[in-house]
Amino acid sequence: MRRTWTGTHGLWLSLAWLGASPALGCGRVEALLASRSEGAGPPAQAAAPPAPAEPAPGPALAAAPLPSSRIERDGLSIAFALRSLGRGEGAGGGPAPAPEAAGATAGSEVLAEFTITDAATGAPVTGLSPLGWMSRRAGTAGGAAPAGVDGGAVDAAPDDEDCQGKIKSFMAGLLAVRPEVDMNAYLLWTLNEDSTVSAINPQIALGRTKLRSAVSLAGPGASFALHPDRESLYVTLRGGRGLAVIDTRQGLVRSNVPVGDDPSCVAVAPDGRTVWVGNDGDGTVSVIDARSTDVLKTLAVGPGHHEIAFSGGGRAAWITSQRGESVVVVDGATLEPLGEIAVGEGVVAIAASDASGVVYAANAARGEVVVLDAARRDVAGRIALKPGLGALQFEPRGRFAFALNPAANEVAVLDGATGAVAHTLTGFAAPDAVTFTDAFAYVRNRGAAKISLIDRAAIGGPKAPPLIDVAVGQDAPSAAGGRPGPTALAMPIAPMPEGNGAVVASPADRMLYVYVEGMMAPIGTLPSYGREPRSILVEDRSLKEVRPGVYATPVRLGAEGLYDVELLLDRPRAAVCLEAAVAPARCAPGEGSGCGGDPAPGIELAPLFQPDLRLEAGEPATLRFRATAAGAAPALDAKEVEVMIIRFPAGYRWSGAPKAEGDGIFSVAFTPPVGGQYRFLAAAPGRGAPFGALPFVPLRVSSRRDAGAAAGGAR
């Protein structure tokens, strides 16, 4: 079983497995030893990990929440704990969490961690793809507190059938049954044409907005890159506005870092310590400390557009200059230049492969790829192609490189082991971007509404692999207008975390298309909320194996109480329920009762029309509301406010910017298409109030034949 998108065929296969296993209970494991033949090392060679820490002594759960929970069934030992989360720690790697348990308080950020071992030998069970959730346990008196907190009583732990049923409901994406903590989440980040970055949650069911936040930037974005710890997103801004650093947890710009003139390309070093920004306007590259965001060094590298690649796991950075004659090599640790390699003017893209020990530089004007020896830092050869080269990328194994030529409508597959052309593929329409899944290379066609898939398994064969064209959208990306920038900056296709499909951004259609391999067309769409998505990437927040047998991810806890922790394993097949306790938030003096939870939005919304307003289908109406900033914050500008009106529970959706009328009053003109129940939502993402943070206002719309007089003064 793979992690699945809500609504894909993989989800229904997972649900079918649960439904077809009536004997499968919480913790029941079938054929453990036979199932572990894939991925797990020999048990005798692996030392058992230390047991999770026992709770510190103390009578009050609020001061010492339950730190861990363990269950042992049919030879499998599974432990769950909530641990402290320092910056840079998480599912993506980094230092191991401290052995002592975290203060698991309401609203806090912690590391949710499962340790799965063989009960007899203590050997870690590796190579799993677990799914996990946390759901607040209901109490007999409202479930407001666990036993020991304010005297509340709670229900008993779920039995096997209840545990299995809860997991089914969570995987179905039902609005009525949602976990407080989802450990399988991922977000789609899109870089838009209108100086915003959107965070979209594709797993939210249709009745709710999928837009988690829309981050306003100080200027149009050129490119973006995600830090390995997934806490920071770096966006270069046109017009000399520097580098924006976005806090992905809060959905806000944390800082704007001044760099050189006209920043364009941005790349994060493999170790996550530094961020490299190519400044096309002044021939420099700014190297920034990822933790402090201080500019460590400004390197003079040559005029024109810059591209950056890393070799040796980040020990060396290779920097091109389109109007310069050389590739500059810089020590990744000391930031001192290691040398310059003459390659000729006109290099537009660069890619490195540690597996092949080479760095490839694409020269568009000459129509050649220069082969650089990574160890000797010298030219090892030149591969003659056609003029007009664009994006250049090695596939994940590091042997074959894909050189895209939008001018010739070709893709050349280059063998990194021999330095020769393995295949020349035709049939494209201005190919300008490539990315990879486990099985395919995905090529975006800027001149046609399609993506082209290339079977990676057939690349090394004697025959050229056939193209699989998948129609995506109505209009070609080029129909969105504007001149294409440096092609290597575009990331319009993002592989799904499952590894069996991708999400394609269509700026012309202003939509995101979801494609799963094996299908002849996209299986669905995601809205971009009226924006033109130019680039897209995935922030994967699902459980990852951070150490052998240890699966973890950072999570934000909900309200205090006793929680059931649901876990679904793919191999061996097992559904188990553990438990955890979340204590009340520890408030500093004067903070009040709401500290530690979701921060209260700094915006107050007051509709200037009567609640439950009744409108008429097909008749325009003007909806006025007052939006004010709390405290001494500056008054809101119309550009900061967004409005969305949806027909509930699913169907029509309208979004747009309001008109300012003065004195904090805004208005939108809205014509409901059909009768039904609607919801009016307002947001100010830049002020910490994304959609969903402010209460919605219900609207009632009557059809023409039974509409009466409209209530209120909204028209």
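Let me sum up the structure you'll find in this document. Note that the coordinates shown come from a computational prediction; the quantities given were computed from them, not determined experimentally.

Calculation criteria
- Residues numbered from 1 in each chain as written.
- Predicted model: local features only at pLDDT ≥ 70, side-chain atom pairs only at ≥ 80, totals over all residues.
- Heavy atoms only, no water.
- Helix = DSSP H or I, 4+ residues; strand = E, 2+ residues; numbered from the N terminus.
- Buried < 20%, exposed > 50% of the residue type's maximum accessible area, 1.4 Å probe, protein only.
- Contact = heavy atoms within 4.5 Å.
- Areas by Shrake-Rupley, 256 points an atom, 1.4 Å probe, with all protein chains shown as cover.
- Pairing = 2+ DSSP bridges.
- Axes fitted to C-alpha atoms, helices over the stretch in contact; angles between N-to-C directions.
- Disulfide = S-S within 2.5 Å.
- Polar contact = N/O pair within 3.5 Å; in protein donor to acceptor, adjacent residues only side chain to side chain.
- Core = buried A, V, L, I, M, F, W, Y, C linked by side-chain atoms within 4.5 Å.
- Phe/Tyr/Trp six-rings, centres within 6.5 Å; stacked < 30°, edge-to-face > 60°.
- Lys NZ or Arg CZ within 6 Å of the ring centre and 35° of its normal.
- Salt bridge = Lys/Arg side-chain N within 4 Å of Asp/Glu carboxyl O.
- Patch = residues over 30% accessible without salt bridge, like charges linked within 9 Å, V, L, I, M, F, W, Y side chains within 5 Å.
- Lys, Arg positive; Asp, Glu negative; His and termini not counted.
- Charge placed at Lys NZ, Arg CZ, Asp CG, Glu CD.

## Side note on the overall build of the chain
Then step 1. Helix and strand counts for the chain come out as three helices and 50 strands.
Then step 2. Considering the chain as a whole, with its 715 residues, one finds that 52% of them fall into the buried category.
Then step 3. Across the chain, contacts joining residues at least 24 apart in sequence account for 57% of those joining residues at least 6 apart.
Then step 4. Only carbon and sulfur atoms are counted for the fraction: they give 52% of the accessible area of the chain, which is about 28,800 Å².

## A short note on the sheet that holds strand β45 (residues 642-647)
Then step 1. Ordered in space as β43-β50-β49-β45-β46, the five strands form an open sheet in which the pairing is mixed. At either end of the open sheet lies a strand with only one pairing partner, and these are β43 (613-616) and β46 (653-656). Recorded for the sheet is a direction-independent mean angle of 25 degrees between the axes of neighbouring strands.
Then step 2. Bridging between β45 and strand β49 (residues 676-683) involves six bridges; their strand directions are antiparallel. Counted as the bridge partner of Glu642 is Ala683 from β49.

## Some thoughts on the sheet that holds strand β34 (residues 501-506)
Then step 1. If you walk across this open sheet you meet the four strands as β33-β34-β35-β36, and the pairing is antiparallel. A strand with exactly one partner marks an edge of an open sheet, and here the two such strands are β33 (493-495) and β36 (524-527). Neighbour-to-neighbour, the strand axes of this sheet turn through a mean angle of 25 degrees, independent of strand direction.
Then step 2. Across six bridges, β34 lies against strand β35 (residues 511-516) in antiparallel orientation. Across the sheet, Ser506 pairs through a bridge with Met511, a residue of β35.

## Section: the state of the cysteines
Then step 1. Per the counting criterion, the structure on display carries one disulfide.
Then step 2. Shown here is the disulfide that connects Cys163 with Cys577, its sulfur atoms set 2.2 Å apart. Taking the sign of the S-S torsion, about 100 degrees here, the bridge from Cys163 to Cys577 comes out right-handed. Of the two residues, Cys163 is situated in helix α3 (residues 160-172) and Cys577 in strand β41 (residues 574-582); the sequence distance between them amounts to 414 residues.
Then step 3. Taking relative accessible area as the criterion, Cys163 reaches 0% and is therefore assigned buried.
Then step 4. Residue classification places Cys577 among the buried residues on the basis of a relative accessible area of 13%.

## Describing the environment of Asp282
Then step 1. Examined against the element boundaries, Asp282 turns out to sit in the loop between β14 (274-279) and β15 (284-289).
Then step 2. Under the relative-accessibility criterion, Asp282 is labelled partly exposed at 37%.
Then step 3. Of note is the side chain of Asp282, whose polar atom sits 3.0 Å from the backbone nitrogen of Asp261.

## Re the pairing of strand β2 (residues 76-83)
Then step 1. Buried residues dominate β2, accounting for eight of its eight residues.
Then step 2. Residue alternation in β2 divides its side chains into two sets, Leu76, Ile78, Phe80 and Leu82 and Ser77, Ala79, Ala81 and Arg83, and both sets are buried.
Then step 3. Bridge count for β2 against strand β3 (residues 109-118) is eight bridges, and the pairing is antiparallel. Across the sheet, Leu76 pairs through a bridge with Asp118, a residue of β3.

## Side note on the nonpolar core
Then step 1. In this structure, Ile78, Phe80, Leu82, Phe114, Ile116, Met134 and Met183 are the most contacted members of the largest nonpolar core, which totals 29 residues.
Then step 2. Counting residues per element, the ones that place at least two in this core are β2, β3, β39 (550-556), β40 (561-569) and β41.
Then step 3. In terms of residue count, the dominant contributor to this core is β41 (five residues).
Then step 4. Judged by nonpolar contacts, the second largest core, of 28 residues, contains Ile603, Phe625, Ala627 and Ala684.

## Description of the packing of aromatic side chains
Then step 1. Enumeration according to the criterion identifies nine aromatic pairs in this entry.
Then step 2. Note on Phe625 and Phe666: the rings are 5.8 Å apart at their centroids and 25 degrees apart in plane angle, and the pair reads as stacked. You can see Phe625 sitting in strand β44 (residues 621-629) and its partner Phe666 sitting in strand β48 (residues 665-670), a full 41 residues away along the chain. Just as Phe625 is buried, Phe666 falls in that class too.
Then step 3. Arranged with centres 6.0 Å apart and planes meeting at 65 degrees, the rings of Phe670 and Tyr678 form a pair that is edge-to-face. In this pair, the class of Phe670 matches that of Tyr678, namely buried.
Then step 4. Site record: aromatic cluster; members linked through ring pairs are Phe625, Phe666 and Phe680.
Then step 5. Over the face of the ring belonging to Phe696 we find Arg679, whose NZ or CZ atom lies 4.0 Å from the ring centre.

## Topic: the pattern of salt bridges
Then step 1. Enumeration over the complete set of coordinates arrives at 29 salt bridges.
Then step 2. The closest approach of N and O atoms between Arg254 and Asp247, which form a salt bridge, is 3.6 Å.
Then step 3. With a closest N to O distance of 3.3 Å, Lys450 and Asp469 form a salt bridge. One end of the pair, Lys450, is in strand β31 (residues 450-455); the other, Asp469, is in strand β32 (residues 467-471), with 19 residues separating them in the sequence.
Then step 4. Through salt bridges with shared partners, a single ionic network connects Arg137, Lys166, Asp564, Glu566 and Glu579.

## A few points about unusual backbone geometry
Peptide bonds are, in most cases, trans, and in most cases residues other than glycine have a negative phi.
Then step 1. We note that Asp262 has phi near 55 degrees; this positive angle belongs to a residue other than glycine.
Then step 2. The topology assignment puts Asp262 in the loop between β12 (252-257) and β13 (263-268).
Then step 3. Despite not being glycine, Arg510 shows a phi value in the positive range, around 55 degrees.
Then step 4. Looking at the secondary structure, you find Arg510 in the loop between β34 and β35.

## Thoughts on the environment of Glu532
Then step 1. Note on placement: Glu532 falls in the loop between β36 and β37 (533-540).
Then step 2. Here the alpha-carbon distance between Glu532 and Ser506, two residues 26 residues apart in the chain, equals 7.5 Å.
Then step 3. Apart from residues no more than four positions distant in its own chain, Glu532 is found in contact with Leu191, Asn192, Glu193, Ala480, Pro507 and Arg510.
Then step 4. For Glu532, the side chain forms a polar contact with the side chain of Arg510, separated by 3.3 Å.
Then step 5. For Glu532, the side chain forms a polar contact with the side chain of Arg534, separated by 2.7 Å.

## Re the side chain of Ser198
Then step 1. As for its placement among the helices and strands, Ser198 is situated in strand β7 (residues 196-200).
Then step 2. At 2.9 Å, the side chain of Ser198 and the side chain of Asn192 are in polar contact.
Then step 3. Among all residues touching Ser198, those that are not within four sequence positions of it are Leu188, Trp189, Thr190, Asn192, Leu211, Ser213, Ala214 and Arg531.

## Observations concerning a negative patch on the surface
Then step 1. On the surface, a cluster of negative charge is made up of Asp159, Asp160, Glu161 and Asp162.
Then step 2. Its place among the elements puts Glu161 in helix α3.
Then step 3. By relative accessible area, which is 66% here, Glu161 ends up exposed.

## Describing the side chain of Thr274
Then step 1. Along the polypeptide, Thr274 turns up in strand β14.
Then step 2. Classification of Thr274 by relative accessible area gives buried; the value is 8%.
Then step 3. Of note is the side chain of Thr274, whose polar atom sits 2.9 Å from the side chain of Trp276.
Then step 4. Those residues within four positions of Thr274 in sequence are excluded, and the remaining contacts are Ala267, Val268, Ala269, Val287, Ile288, Ala290 and Leu296.

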